[in-house]
Amino acid sequence: MRPLFHKVPMQKEASFSIAHNIIPNFRTQMHYHPEYELHLVINGEGVRFIGDNISNFSPGEVILLGENIPHGWHCKEEYFRDKSLPVMETMVIHFSPDFLGSEFLSLPEARLLPLLFEKAKGGLLFLKDTRKKLTDLMQRASESEDLDRIILLLSTLKILSESSEFQLISKKNSFFPSDEFQTERLNNILNYTMANYGKDIKLEQVAATSNLTVTSFCRYFKLITKKSYYTYLTEIRISHACQFLIEDRFSIDQIAEKCGFFNISNFYRQFKKTMGITPLNYRRMYFAT
């Protein structure tokens, strides 16, 4: 298991990093780092975890993450089974707020950046024209060198700091960093849940993955995530249900069962409580857009 703290690799000759990843599939552990992260999904779908938020991701998504906010991306299980699917493709920029020097943020011209970085503590999802502009700049930056790279990153920060086309993803400081032992314990829980969300998971089963009694497990999970395990499990199941509804390959009853809801009335109740609308209206809304 990788520790929750992730050391972002930085080249000695670079002030920030740009990674263009093209891989068949991926499942990253929940991790955090002091660097800011600008994350673009070029191709691929799945579920992302950012702070206390669990949502689906899809191509074109651009997210800015603040320092030390726990996050992880899990592609759909189909990418591990079906080799004919298109590969996953992402672009990720990591940078420190003072990558141009300790006085950079004190410059009057940079006055909007501290405000941006404060908002990014909960993660920001950028939308509409801002997303299109960021996608273009990030792709150009990945192909550039030397001063051109810095100029393009500054242009990117300018657009980020001036935009109002964003949504806050998570509550600030929704998790707190832990040591490597606690990290391995949490990752065991998350991995077990992702692998078994479609089954009838008992607290005794998931508690056993962390070598805790049920009472200790419930207390531990609530302390770390600020929510109960069953609330977290329901969010995972609803997130997958949304993806199945969009794919439109199964009936709503089939989707409920595939996502671990063996009582259709409970599925409808939990879906509407989480998403604000019924599964059928969610599907209609998606195909109407």
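Residues numbered from 1 in each chain as written. Predicted model: local features only at pLDDT ≥ 70, side-chain atom pairs only at ≥ 80, totals over all residues. Heavy atoms only, no water.

Secondary structure assignment for the chain yields eleven helices and nine strands. Across the 289 residues that make up the chain, the buried fraction comes to 47%. In the chain, of all internal contacts separated by at least 6 residues, the share reaching a separation of at least 24 is 73%. Carbon and sulfur atoms make up 52% of the accessible area of the chain, which totals about 14800 Å². (Helix = DSSP H or I, 4+ residues; strand = E, 2+ residues; numbered from the N terminus. Buried < 20%, exposed > 50% of the residue type's maximum accessible area, 1.4 Å probe, protein only. Contact = heavy atoms within 4.5 Å. Areas by Shrake-Rupley, 256 points an atom, 1.4 Å probe, with all protein chains shown as cover.)

In this structure, R237 sits in helix α8 (residues 229–247). Buried and unpaired, R237 has no salt bridge, with D200 as the nearest side chain of opposite charge at 5.4 Å. Contacts of R237, omitting those with residues within four sequence positions, involve Y197, K199, D200, I201, C259, G260 and F261. (Lys, Arg positive; Asp, Glu negative; His and termini not counted. Salt bridge = Lys/Arg side-chain N within 4 Å of Asp/Glu carboxyl O.)

Attention now moves to the pattern of salt bridges. The final tally for this structure, using the stated rule, is eight salt bridges. Across the pair D136 and R140 runs a salt bridge, and its minimum N-O distance is 3.5 Å. With a gap of four residues between them, D136 and R140 both fall in helix α3 (residues 128–142), about one helical turn apart. Residue R140 is classed as partly exposed on the basis of its relative accessible area of 42%. A salt bridge links K202 to D200, with the shortest nitrogen-to-oxygen separation between them at 3.1 Å.

Let's shift gears to the packing of α8 against helix α10 (residues 264–275). Their axes nearest at 10 Å, the elements α8 and α10 cross at an angle of 90°. Judged on the interaxial angle alone, α10 and α8 are roughly perpendicular. Judged by residue contacts, T234, I238, A241, C242 and L245 of α8 engage F267, Q270, F271, T274 and M275 from α10. Looking at the contact of α8 with α10, its residues break down into seven nonpolar, three polar and no charged. (Axes fitted to C-alpha atoms, helices over the stretch in contact; angles between N-to-C directions. Parallel < 35°, antiparallel > 145°, perpendicular 65-115°, else oblique. Nonpolar A, V, L, I, M, F, W, Y, C, P; charged D, E, K, R; others polar.)

Right, let's talk about the sheet that holds strand β6 (residues 71–75) for a bit. Spatially, three strands are ordered β4-β3-β6 in an open sheet, and the strand pairing comes out antiparallel. A strand with exactly one partner marks an edge of an open sheet, and here the two such strands are β4 (53–57) and β6. Each neighbouring strand pair of the sheet contributes to a mean axis angle of 20°, computed without reference to strand direction. The pairing of strand β3 (residues 46–50) with β6 spans five bridges and is antiparallel. Across the sheet, the residue bridging to R48 is W73, located in β6. (Pairing = 2+ DSSP bridges.)

The element strand β7 (residues 88–95) is largely enclosed, with a buried count of eight among its eight residues. For strand β1 (residues 17–23) and β7, the ladder comprises seven bridges, and the chain directions are antiparallel. Residue I18 lies in a different strand from β7, and its bridge partner there is I93. The pairing of strand β2 (residues 36–43) with β7 spans seven bridges and is antiparallel. Within β7, the residue paired with N43 across the bridge is E89.

Another aspect to go through is helix α2 (residues 112–119). Restricting attention to buried positions, one finds in α2 the residues L113, L116 and F117. Looking straight down α2, one finds its buried side chains confined to an arc of 95°; they lie on one side. Along its buried surface, α2 packs onto β2, β5 (62–65), β7, β8 (124–126) and α4 (146–162). (Arc of directions from axis to C-beta.)

Nothing here speaks to function; it is all geometry.
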